[in-house]
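Reading the structure
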2 protein chains.
Amino acid sequence: MSVNSFDNYPLAWKPEKEKLKQPYFKALAEDLENRIKRGILKPGTKLPPQREIADYLNLNYTTITRVYEICKKKGLVYGAAGKGTFVSPHSSENITITASNLTDGCIEMGAVNGFSEYTELTERATRAVVEKGYLRNLYEYTHPAGQPHQLAAGIRWMEQLGVHTDNEHTAIFAGAQNAITVALVSLFSPGDKIATDQYTYSNLIELAKLLHIVLVPIRGDKNGMCPDDLKRQCGTNKMKGIYLMPSCANPTTIVISKERREELAAVIRKHRLILIEDDVSAWMPTSIGNMLPSMFDLLAGQSIYICGMTKNLCPGLRIAYMTFAECFRQEILHGLFNINVKTSSLDAEIITELILNGDAYKIAEHKHSLTERACALFAKYFPECWKEHGKISYYQWMPIEIEKPFRDIEEDFISQGIRVYHSERFAVAKNQGHNFLRVTLCSAGSMRKLEKGLQILKSCLD
Amino acid sequence: MSVNSFDNYPLAWKPEKEKLKQPYFKALAEDLENRIKRGILKPGTKLPPQREIADYLNLNYTTITRVYEICKKKGLVYGAAGKGTFVSPHSSENITITASNLTDGCIEMGAVNGFSEYTELTERATRAVVEKGYLRNLYEYTHPAGQPHQLAAGIRWMEQLGVHTDNEHTAIFAGAQNAITVALVSLFSPGDKIATDQYTYSNLIELAKLLHIVLVPIRGDKNGMCPDDLKRQCGTNKMKGIYLMPSCANPTTIVISKERREELAAVIRKHRLILIEDDVSAWMPTSIGNMLPSMFDLLAGQSIYICGMTKNLCPGLRIAYMTFAECFRQEILHGLFNINVKTSSLDAEIITELILNGDAYKIAEHKHSLTERACALFAKYFPECWKEHGKISYYQWMPIEIEKPFRDIEEDFISQGIRVYHSERFAVAKNQGHNFLRVTLCSAGSMRKLEKGLQILKSCLD
DNA sequence: CAATTTGTATCTACACATTTT
DNA sequence: GAAAATGTGTAGATACAAATT
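Residues numbered from 1 in each chain as written. Chains lettered and ligands numbered in written order. Predicted model: local features only at pLDDT ≥ 70, side-chain atom pairs only at ≥ 80, totals over all residues. Heavy atoms only, no water.

You'll find chain A entered in an unreviewed UniProt entry as HTH-type transcriptional regulator NorG, with Oxobacter pfennigii given as the organism.

Given below as structure tokens:
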């Protein structure tokens, strides 16, 4: 085949043959990375097959395999045998959700702050800790995983969430995100694959990118992740772990049903996946009423359970509990020592005080009733959506019809005075066709502001 | 060459030809890993040349390259062109230093706790923070890098250490180890190489292993790392970064001289290395007297400066400041958001209070005078060592003559009633020939106990 | 359901750099 | 200082697996 026959061929990526320097695979990988990062190659774009690029450049096609491999490790592209290689959805952009400052007057319905304005009982607990004369014990280096009584309080808290464990298999971390980091760093290596929902916690997506861990989206329905698709992907993809939020997925608010939990557990057990169960919303008192079995209990022996205390109690105190199977014990503690050394004892002690004096439950109840009120407001403005997708939750998941780049959509809302997040921020793979908004109800600052925000949202969508 | 001619050849590693299954390189890598982890192949052992193994197994020798490559990425072995491939010093063992519990009566001269028994002023600051009525502002999600006044306090503290920066280039982390983690995760990728001293902070060694970052030891002398060896390694090794503790290296207590700092800065600048400056001991008031220019100021634009507040103020409050060049800003903050979300505001506020009311300086002075007293005790029992290596420091570096596995040596000391750490714990590459002990002077709990510990040490070495 | 397209895994080939002799 | 030993970097060949047509 003539070398020049591709000159007018429509290859999405056509490296300049003349400028190509040795080593080829590095030069090509850099070129590809540049084009993706500069936005010349947009997310979702199908790259030319390895053999075409190779023919065009007169190289062996496995050299192009190397090029795609390098970019894959960086999370810039992903490949599928038989289909092709594609530019990753978030390759060129940072979707981290953080409490960045909003313009004055703009109503926060993006970040999930968990009604952080309610702090009376936490303040009281802080005073109690300081007055107890126990302070000097909190300033020491000892008990890097947490002091025994602090762990005991955490275990008690998790007990009511359907997770049964003991001091030897529990540790305290500086928040759920920090706990996930330690779990990923300690138990996974770059290139390992973790199954997730198609939409998941956006900071997990970013963290996985940072650690060069590959997230593999699994199809789901109203009851959660589909066991069949998980099975299929496990067969072909050599998955090492799975990340689930069974009690109320972020952002979709899907609760995994009892049957589904058992079906998933069977697949996870069979393929020996490491399960990371992130229980952000189990605290909701209603869910305690009709409690579902924790995945951790279903899969004791191959699970990590993470229970963050920031969103339900107090975001400024960075505390999460992690419970782990015996086989992960050494590695998790090793990771904890080397990433954090230890977690702030003072923060841990305040949360401990809140659990032991019962105020943690009062805060949870109070926040639950606030959530109910906020949901009622939401239902008032969006009755169909509430009927279809509604859950008592800090946020709602709302289908929208707008076809625009997602950043533009978000910015349009900001210019109207509200911040909400678009589903693409949470998408593990390329766009799924449907678009949604995650509408947070717990961060506006007051019910009055929330109602105003919902009114703005309504008027924007009409 | 006959396939069987190696049967009686003394290869340190001779995989069983019969049991070998495909894929060869994976099977071989697993076999090698097993033998190293089970201790059959001991640290320092020279592995057979790639070509010999290959001949023996009738494989192409680059297949063995792959095998060694896999084990190298796991930190199990290291190779040197022209020399051979060797089993890594810490391949089979975890050298993490943590505040694990000591048997009753055993005197702690291993971990560095920084005279943590002195907590009066910290307790007072904690009370002050609680009483100021500012608590509710600490419970929020905002200002993930730290509140402006907290950053300002940190900047003021760093100012006196010779580091000049501003709010936009400073962030608060949950301790120095946590700050290093974020720097490594945000700015480096698996396989990247970082230059370090031959002996360095053992938790850095473990952290690098966890993140699959390769540490390259550079020769040093009494004035610190040798610029020539750094230059040489940069030429051949494609280094991406360098980690230094210029103000007082852990564990060697070496202070990098002014001239040396400038020489090193020139090499670092030329090769565009990312400098991570870990300033654990700059707080020592004496060093403030005759202050040396910070590497950060010498290399503004390509540096990260980390200032941990745990060892000098209070280990239980997990706070460190990090200052970074503009070009790292986005990546560092991105890493912070995704690894920690944010740092405990309460801890940060207490440290802020200590800096602003001046008590931080008093604590530092008090700890310095304790350190001087402890060093005087050390000099009394080990006058030659003090004369040769002594520095006013939380720990001392002491040559020893014992030839035994390092764990055995440490355990011998423990059975005598003291915990000290052996130099091999801090060795980045294979054993250097000389052996040392790091003798910590700030963790015994009292001067009386410290003296008793030194007496035991003396009697053990006589 | 067979043929085709496309990516992946594994092993081989060879030029080259560094260290030792 | 040349030759030999030894690890490293880059590219190619081949068999195979998954998805599409």
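It is worth spelling out the protein's contact with DNA strand D at this point. A:F25, A:N60, A:R66, B:Q50 and B:K72 are the nearest of the 26 residues found near DNA strand D. Backbone atoms, meaning sugar and phosphate, form 58% of the atoms of DNA strand D found within 4 Å of the protein. Here a sugar or linking oxygen of DNA strand D and a backbone polar atom of A:A81 are 3.1 Å apart. In this structure, a phosphate oxygen belonging to DNA strand D sits 3.1 Å away from a main-chain N or O atom of B:T85. Of all elements in the fold, only α1 (24-37) and α3 (61-73) of chain A together with α2 (50-57), α3 (61-73) and β3 (84-87) of chain B reach the threshold of two or more residues within the surface near DNA strand D. At five residues, the largest contribution of residues to the surface near DNA strand D is made by α3(B). (Near = heavy atom within 4 Å. Polar contact = N/O pair within 3.5 Å; in protein donor to acceptor, adjacent residues only side chain to side chain. Helix = DSSP H or I, 4+ residues; strand = E, 2+ residues; numbered from the N terminus.)

With an RMSD of 0.4 Å, the operation that places chain A on chain B is a rotation of 179° combined with a shift of 0.2 Å along the axis. The transformation relating the two chain copies, once decomposed into turn and shift, fits a two-fold axis. Interface overlap between copies: 98% of the residues of chain A at the interface are likewise at the interface in chain B, consistent with a symmetric, same-surface contact. (Least-squares fit on C-alpha atoms with pLDDT ≥ 70 in both. Contact = heavy atoms within 4.5 Å.)

It is worth spelling out the nonpolar core at this point. Core analysis: the largest hydrophobic core is formed by 80 residues, its most contacted members being A:L184 and B:L184. If we skip the residues at most four places from it in the chain, B:L184 touches B:I194, B:L204, B:L207, B:L211, B:I213 and B:I276. Judged by nonpolar contacts, the second largest core, of 66 residues, contains A:C307, A:A364, B:A125 and B:C314. (Core = buried A, V, L, I, M, F, W, Y, C linked by side-chain atoms within 4.5 Å. Buried < 20%, exposed > 50% of the residue type's maximum accessible area, 1.4 Å probe, protein only.)

Looking now at the sheet that holds strand β2 (residues 77-80) of chain B. Residue and element names in this part refer to chain B. Pairing is antiparallel across the open sheet formed by three strands, whose spatial order is β1-β3-β2. Of all the strands in the sheet, just β1 (46-47) and β2 have a single pairing partner and so form its edges. As paired strands, β2 and β3 are joined by four bridges and run antiparallel to one another. Residue pairing for β3: G79 is matched across the bridge by T85. Most of the contacts of α3 go to β2, to which it runs at about 120°, and overall it touches β1, β2 and β3. (Pairing = 2+ DSSP bridges. Axes fitted to C-alpha atoms, helices over the stretch in contact; angles between N-to-C directions.)

Here we come to the sheet that holds strand β7 (residues 214-218) of chain B. All names here are of chain B. Taken together, the seven strands give an open sheet; going across it, the order is β5-β13-β12-β11-β10-β6-β7, and neighbouring strands pair in mixed fashion. Whereas interior strands pair on both sides, the edge strands pair on one side only; in this sheet they are β5 (170-173) and β7. The mean inter-strand angle of the sheet, taken between neighbouring strand axes irrespective of direction, is 20°. For strand β12 (residues 303-308) and strand β13 (residues 320-324), the ladder comprises five bridges, and the chain directions are antiparallel. Among the inter-strand pairings, C307 is bridged to a residue of β13, identified as Y321. Against the sheet, helix α6 (residues 148-159) makes contact with β5, β12 and β13, and its axis sits at roughly 100° relative to β5, the strand it touches most. Along the sheet face, helix α7 (residues 176-187) touches β5, β6 (193-197), β10 (241-244), β11 (274-278), β12 and β13 and points at about 160° away from the line of β12.

What follows concerns the protein's contact with DNA strand C. What surrounds DNA strand C is a group of 28 residues, the closest being A:Q50, A:K72, B:Y24, B:F25 and B:R66. Taken together, the sugar and phosphate atoms account for 62% of what DNA strand C places within 4 Å of the protein. One of the backbone N or O atoms of B:F25 is found 3.1 Å from a phosphate oxygen in DNA strand C. Elements that contribute at least two residues to the surface near DNA strand C include exactly α2 (50-57), α3 and β3 (84-87) of chain A together with α1 (24-37), α3 and α9 (227-237) of chain B. No other element matches the five residues that α3(A) contributes to the surface near DNA strand C. Residue composition of the surface near DNA strand C, grouped by class: ten nonpolar, eleven polar and seven charged. (Nonpolar A, V, L, I, M, F, W, Y, C, P; charged D, E, K, R; others polar.)

Another point: the interface of chain A and chain B. In this assembly, 57 residues from chain A lie in contact with 57 residues from chain B. Here chain A packs against chain B, burying approximately 5,000 Å² in sum over the two surfaces, 60% of which is carbon and sulfur. Broken down residue by residue, the surface that chain A buries against chain B is led by A:Y139, A:Y141 and A:N338, which jointly contribute 17%. Remark: the boundary between chain A and chain B carries one salt bridge. Linking B:E123 and A:R136 is a salt bridge whose minimum nitrogen-to-oxygen distance equals 3.0 Å. (Buried area = accessible area lost by both parts, 1.4 Å probe. Salt bridge = Lys/Arg side-chain N within 4 Å of Asp/Glu carboxyl O.)

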